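Here's the letter readout for the chains.
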Amino acid sequence: MRQKINNCGPTWLAHLLLVFLGLCCGASFAADADDQLIFSTNECKIKEPVYGSTFDYSGLRSDFAHVVESLTNKGDTFEFNICGNVTRPCNGESNVAACLKRNGKEYVLGRQHELNYRKGKMYLNYLNGSKCENGTATNPNYQIHVQLSCDYTLDVNPFQIIPYANDACSFYINFETPLACLPVLDAVRSNSCSVRDPNGKGTFDLMPLSDMNHLTSDRQGRFFVINVCQPVLYGENMMCPPGSSICLYSPKATNLSERFVNFGTVQSKPVVENGRLLLRHTSNTPCAANKSLNYTSIVYFSCDQSVKNAHPTFSGFGLDSCTYLFNYVTPLACNDLKPCTAVTYRNEILDLSPLSKEEPHKLSKDGKSYTVAVCASAGKPCLEKGGACYEQNAETISLGNFNSHLRFNQSGSVYLLYEDGANCRGTTRWSTKIEFVCANNATKDNGASDGAGGGSNNALKIIEDSNCQLLIQYQTSHACREQIKCTASVYVDRTSDTDGMGSSGTELVDLTPLISANENYEATIDLPPSMASLVPKSTKFFLNVCRPLVPKYQLGCAGGSGACMAKVTSSGAPEEEHSLGFPLISLSVGNRTTAELLYVKGDPCPQDNGTALSTRIHFNCQMHAGRGNPVLRTIEECAYLFQWDTSVICPPHECTFDEKTCDIVHDELGQKFNFKNAPFTKAGKIEIDYNNTKLSVDICGAHRKAITDYSQDLVNIYFTHNSSDCGKAGMLNVQMRLICSNKTESSSTISSGDECNLLYVQRTPSICQFLGLNLPNSGSDSSSSSTSTTTTTQTTPTGILAGILSVTFFVTCLGLFAFSPARRQRVRRFFRRSSSAVRYSRVQSNEEANLLLEPNGEFTESDDDMLL
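Reading guide: rules and limits
- Chains are numbered independently. Their residues run from 1 in the order of the written sequence.
- In keeping with the model being predicted, local features are shown solely for residues with a pLDDT of at least 70 and side-chain atom pairs are shown and tallied solely at 80 or more, while totals for entire chains, interfaces and linings include all residues.
- No hydrogens and no water enter the side-chain calculation; it runs on all heavy atoms of the structure.
- Put simply, DSSP H or I for four residues or longer makes a helix, DSSP E for two residues or longer makes a strand, and each gets a number counted from the N terminus.
- We call two residues in contact whenever any of their non-hydrogen atoms come within 4.5 Å of each other.
- The Shrake-Rupley method, run with a 1.4 Å probe, gives the accessible areas here. Residue values count only the displayed protein chains as cover.
- We define a salt bridge as a side-chain nitrogen of Lys or Arg found within 4 Å of a carboxyl oxygen belonging to Asp or Glu.
- Accessibility here uses a 1.4 Å probe with only protein chains present; expressed as a share of the type maximum, an area under 20% marks a residue as buried, one over 50% as exposed, and anything in between as partly exposed.
- Note on pairing: DSSP must find at least two bridges between two strands before they are called paired.
- Here the axes come from fitting lines to C-alpha atoms, over the contacting stretch only for helices, and the angles between their N-to-C directions go from 0 to 180 degrees.
- Aromatic rings from Phe, Tyr and Trp, with only the six-membered ring used for Trp, were paired whenever their centres fell within 6.5 Å, and each pair was classed as stacked if the ring planes differed by under 30 degrees, edge-to-face if by over 60, and tilted otherwise.
- Disulfide: a pair of cysteine sulfur atoms within 2.5 Å of each other.
- In the analysis that follows, any N or O atom pair within 3.5 Å is treated as a polar contact, provided that within protein one partner can donate a hydrogen and the other can accept it, and provided that, for residues neighboring in sequence, both atoms belong to side chains.
- Among buried residues, the Ala, Val, Leu, Ile, Met, Phe, Trp, Tyr and Cys ones that are joined through side-chain atoms within 4.5 Å form a nonpolar core.
- The predictor attaches a confidence to each residue, and that confidence, scored 0 to 100, is pLDDT.

### Quick look at the overall build of the protein chain
Line of reasoning, step 1. Helix and strand counts for the protein chain stand at 7 helices and 61 strands.
Line of reasoning, step 2. Long-range contacts, defined here as pairs at least 24 residues apart, represent 55% of the contacts in the protein chain between residues at least 6 apart.
Line of reasoning, step 3. A total of about 39500 Å² of accessible surface is found on the protein chain, and carbon and sulfur atoms cover 50% of it.

### Topic: the pattern of salt bridges
Line of reasoning, step 1. Across all of its chains, the model carries 23 salt bridges by this definition.
Line of reasoning, step 2. Where Arg280 meets Glu273, a salt bridge forms, and the shortest distance between an N and an O atom there is 2.9 Å.
Line of reasoning, step 3. Note on Arg280: relative accessible area 32%, which makes it partly exposed.
Line of reasoning, step 4. One salt bridge in this structure joins Glu435 and Lys433, with 3.8 Å as the shortest N-O distance.
Line of reasoning, step 5. Residue classification places Lys433 among the buried positions, given a relative accessible area of 15%.

### Observations regarding the sheet that holds strand S7 (residues 105–110)
Line of reasoning, step 1. A sheet is described by the order of its strands in space; here 4 strands give the open sequence S4-S5-S6-S7, paired in antiparallel fashion. Across the chains shown, the open sheet's two edge strands, defined by having one partner strand only, are strand S4 (66–69) and S7. For this sheet the average axis-to-axis angle between neighbouring strands, irrespective of direction, equals 20°.
Line of reasoning, step 2. Here 4 bridges tie S4 to strand S5 (residues 76–80), and the two strands are oriented antiparallel to one another. Bridged to His66 within S5 is Phe80.

### A few points about unusual backbone geometry
Line of reasoning, step 1. The step from Lys380 to Pro381 runs through a cis peptide bond, and the omega angle for that step is 5°.
Line of reasoning, step 2. Here Pro381 shows up in the loop between strand S27 (368–372) and strand S28 (388–392).
Line of reasoning, step 3. In this model, Cys340 sits at a positive phi of 65°, which is unusual for a non-glycine residue.
Line of reasoning, step 4. When you line up the elements, Cys340 lands in the loop between strand S23 (323–330) and strand S24 (341–343).
Line of reasoning, step 5. Owing to a relative accessible area of 1%, Cys340 belongs among the buried residues under this scheme.
Line of reasoning, step 6. Positive phi outside glycine occurs at Asp713, with the angle close to 55°.

### A few points about the sheet that holds strand S42 (residues 563–568)
Line of reasoning, step 1. Taken together, 4 strands build an open sheet; the order of strands is S39-S41-S42-S43 and the sheet is antiparallel. The open sheet is flanked by strand S39 (521–522) and strand S43 (574–579), the only strands paired with a single partner.
Line of reasoning, step 2. Sheet analysis places S42 next to S43, joined by 4 bridges and oriented antiparallel. Its bridge partner lying in S43, Val568 is registered against Pro574.

### Examining the packing of aromatic side chains
Line of reasoning, step 1. Applying the stated criterion across every chain yields a total of 33 aromatic pairs.
Line of reasoning, step 2. Between Phe39 and Tyr117, the aromatic rings sit 5.0 Å apart at their centres with planes inclined by 15°, giving stacked as the arrangement. Taken together, the residues Phe39 in strand S1 (residues 38–41) and Tyr117 in strand S8 (residues 112–118) connect sequence positions 78 residues apart.
Line of reasoning, step 3. On the accessibility criterion, Phe39 (29% relative accessible area) is partly exposed.
Line of reasoning, step 4. For Tyr117, a relative accessible area of 1% puts it in the buried group.
Line of reasoning, step 5. Centroid distance Phe78 to Tyr164: 5.9 Å. Interplanar angle 85°. Geometry classified as edge-to-face. Placement of Phe78 in strand S5 and of Tyr164 in the loop between strand S11 (159–161) and strand S12 (170–177) is noted, with a sequence separation of 86 residues between them.

### Some details on the state of the cysteines
Here, disulfide denotes a covalent bond that connects the sulfur atoms of two cysteines.
Line of reasoning, step 1. Enumeration according to the criterion identifies 17 disulfides in this entry.
Line of reasoning, step 2. Between the sulfur atoms of Cys132 and its disulfide mate Cys169 the distance is 2.0 Å. Negative torsions about the S-S bond denote left-handed disulfides, and the value of about -70° found for Cys132 with Cys169 makes this one left-handed. Residue Cys132 is located in the loop between strand S9 (121–127) and strand S10 (143–150), and its partner Cys169 is located in the loop between S11 and S12; the two are separated by 37 residues in the primary sequence.
Line of reasoning, step 3. Note on Cys132: relative accessible area 3%, which makes it buried.
Line of reasoning, step 4. Residue Cys169 is classed as buried on the basis of its relative accessible area of 0%.
Line of reasoning, step 5. Covalently, Cys150 is tied to Cys181 through a disulfide, its sulfur atoms 2.0 Å apart.

### Let's talk about the pairing of S23
Line of reasoning, step 1. For S23, the tally of buried residues reaches 8 of 8 residues, placing the bulk of the element in the interior.
Line of reasoning, step 2. Covered by surrounding structure in S23 are Thr323, Leu325, Asn327 and Val329 together with Tyr324, Phe326, Tyr328 and Thr330, the residues of both alternating faces.
Line of reasoning, step 3. Looking at chain direction, strand S21 (residues 294–303) and S23 are connected through 8 bridges and run parallel. What sits directly across from Thr296, in S23, is Thr323.
Line of reasoning, step 4. Relative to S23, strand S22 (residues 312–317) runs antiparallel, the two sharing 5 bridges. What sits directly across from Pro312, in S23, is Tyr328.
Line of reasoning, step 5. Linking S22 to S23, which pair antiparallel, is a turn of 5 residues; within it Ser321 sits at a positive phi near 65°.

### Here we look at the side chain of Thr313
Line of reasoning, step 1. Counting through the fold element by element, Thr313 comes out in strand S22.
Line of reasoning, step 2. What makes Thr313 buried here is its relative accessible area of 9%.
Line of reasoning, step 3. One polar contact links Thr313 to Gln735, side chain to side chain, over a distance of 3.0 Å.
Line of reasoning, step 4. When neighbours within four sequence positions are excluded, Thr313 is seen to be in contact with Thr216, Leu325, Phe326, Asn327, Asn716, Tyr718 and Gln735.

### Things to note about the nonpolar core
The nonpolar side chains of a soluble globular protein tend to be buried, and buried together.
Line of reasoning, step 1. Of all hydrophobic cores here, the largest spans 76 residues; its most connected members are Phe541, Val545, Phe619 and Phe675.
Line of reasoning, step 2. Not counting residues within four places of it along the chain, the set of residues in contact with Phe619 comprises Leu511, Leu514, Val545, Thr593, Thr594, Ala595, Glu596, Leu597, Trp644, Thr646 and Ile649.
Line of reasoning, step 3. Counting residues in hydrophobic clusters, the runner-up holds 65 residues, among them Val307, Val329, Ala342 and Val343.

### Description of the pairing of strand S55 (residues 693–698)
Line of reasoning, step 1. Here strand S54 (residues 685–690) runs beside S55; their pairing, made up of 6 bridges, is antiparallel. Of the residues in S55, the one forming a bridge with Glu687 is Ser696.
Line of reasoning, step 2. Hairpin remark: S54 followed by S55, antiparallel, with 2 residues in the connecting loop; positive phi at Asn691, about 55°.

### Observations concerning the confidence of the model for the protein chain
Line of reasoning, step 1. For the protein chain, the mean per-residue pLDDT works out to 81, and 80% of the residues sit at or above 70.
Line of reasoning, step 2. Low pLDDT, under 50, characterises residues 1–30; the predicted model gives this stretch 3 contacts beyond four residues in sequence or across chains.
Line of reasoning, step 3. The model gives residues 780–789 a pLDDT under 50, and that stretch makes 33 contacts with residues more than four places away or in other chains.

### Considerations on the environment of Thr593
Line of reasoning, step 1. Along the chain, the position of Thr593 falls in the loop between strand S44 (588–591) and strand S45 (594–599).
Line of reasoning, step 2. Sequence separation between Thr593 and Ile649 is 56 residues, and the spatial gap between their C-alpha atoms is 6.2 Å.

### Looking at the environment of Ile463
Line of reasoning, step 1. Looking at the element boundaries, Ile463 is found in strand S35 (residues 459–466).
Line of reasoning, step 2. Each C-alpha atom of the pair Ile463 and Lys365 lies 9.9 Å from the other, and the pair is 98 residues apart in sequence.
Line of reasoning, step 3. Those residues in contact with Ile463 that sit more than four places away from it in its chain are Leu471, Ile472 and Gln473.

The following block contains the structure:
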């Protein structure tokens, strides 16, 4: 027996050693893969490690310098160069790469650069700056960091300065450039993404959706990275294969080639099939379930005019398990706009219809006389349907038939295209392209010499007349949009998450749902006793989000102000108004759950005429706050600080679905919602019209996923439903959008065939309490789905019955929590989530600076001072 033991001993030890080595080596392989994604160089080129593509930034070198003026810190101007030095001395020194000019003084921010690569993020560190008065032992010098972000378009202003304190030593600038993108394949390169509505109601244009990437969970710990009409914008943990518009990101994959997999090559030609607008993306990636097929992704677009921050969601699989289905609810899928208007990706209406009422414009160039109209017939001498034409030698040549369909190009600029003009050469016919450019105080061109009509703010100019196309640029105030972005990206590390909701990567913080075009927000005043005397009791504060105030209540603040302070008379009329700043600076974020807006250049400060009044609004995620309201917390050095708790910027939260009771449970809010007792179901079932019959769909059952989306005031329910009428497998993928609304109505859209997909939208006030939301005002939810939908309206319970049930439910819950220590503790945690006053100070150490450049976890409220 001893011999047996001796023989087994080495075998057992060897086995243990192999297991140990396997664990260590597995961890080592993962570490090695990540190590390949973090490196730096003093050169101006980086060869990224996944696909071997080279990013060459030498094209960003300026002959003089890049000059960026800070709007938040008056008098600060940054001068820096890329792949070289600025040409003029800084504080008497030459060979300087970055310089800060402040109040007549100059400070060296860096004498050389270091180009860094971190998991797809690329940025420049400028080293060896001059000594900073407020520096620390670990970081005594000035420094500046320039992040290089992918943007396939060339924006007029590609720079964004991250807000900072006056005593800061570190500064951050974001530089958007096509040089930070992977090359676009010629086969998929396109400047348009539209399709005509077969019902003759115009054209669907999806190009505005290409401005940003979106992430949506597969609900199994992985993420889909999606762009529409363009390849995915290369960035941190968004290193999708070149040319891919949809890719699957598997954060735990140790092989870099398997971490990002192409699930759909970019497609810029949407189609309408069986009444549904969609993009079908094929790929060159073999499907794991069937090697004879490649992965295909289909994005279905559905209309909803009320959605302000549209984003796609993963719905399920097709019949072959190789086709992936996504739903994208967006106003751009609606086709009921009035002529000569368009919707931007931020749900902003761009209305150029006033230009269609002007007299045709007369222009001349190279001996030709041109007649051009906008969204209308140009009249004589043009043909009846002509939108543009020219006369030469007593002959009239048509340059295209007019239409009122506004389009967006890849840069986001709006234009008109008149086609089917006279024959030009061969089979090519003349066309006219009218590009509209915002004319404001900085850009307006009266253009009197061009003979342009339309008033002092409008000007037409012929750019070129070649290649069978007339190109016209039209400067007009009607083409101006909101001045600032109300969205911002932030890196979030979710490696410790276990709920399958997502993974580390860049996520979007979006405040567009708070933008109000009809009303202003009136702030609550909650100042500390020491500051109460600064604000008389008759004073009121009015604000809007990311836009100027709505002209109401006879407010006399300067036009364009984003915040206004006014004394109010006993009759309620405002007087002695003071502008608290203008929305000139885009949204900035501290982490995934906090964001900040800064309104600057207000009226002179009464206590210091040399300082302008300003407003700082700090937004904080609170699930139980609903949309929330601004609260004035402090006044410091002519700056008014407001705190705004809101659920709008809270991340998605996965709720528990109890298949036995058909409840969804929101553990963060301590709320339940029962589908069997819901006013819009029959014992947990809904009926929809399908193939001239009633299809009954059971919401209750196993394998249901319930995920909140606070940015759209809804809960998404995902599941599959057996349906013999649906495809060969008889399986229907269902996404149910349960929206908090003052209405009770439903709509459904089904795609049939091999890919069976149901999008069911239910608007109801009964879900509002579950989401911690107040019932919306009657005017705040005016939308309903339209194209290819079936809509029904249902009656709601009476207010008395609802009140009785609410009280009963509350008392019952109170009893349950009273007898459960665990539940009592959960309630205590819930009520402790309100944050205290926010402190602002400088980024002053290498550790703090790395939070911006090398984040190692999701930021919390206490990190705000490190980011500003």
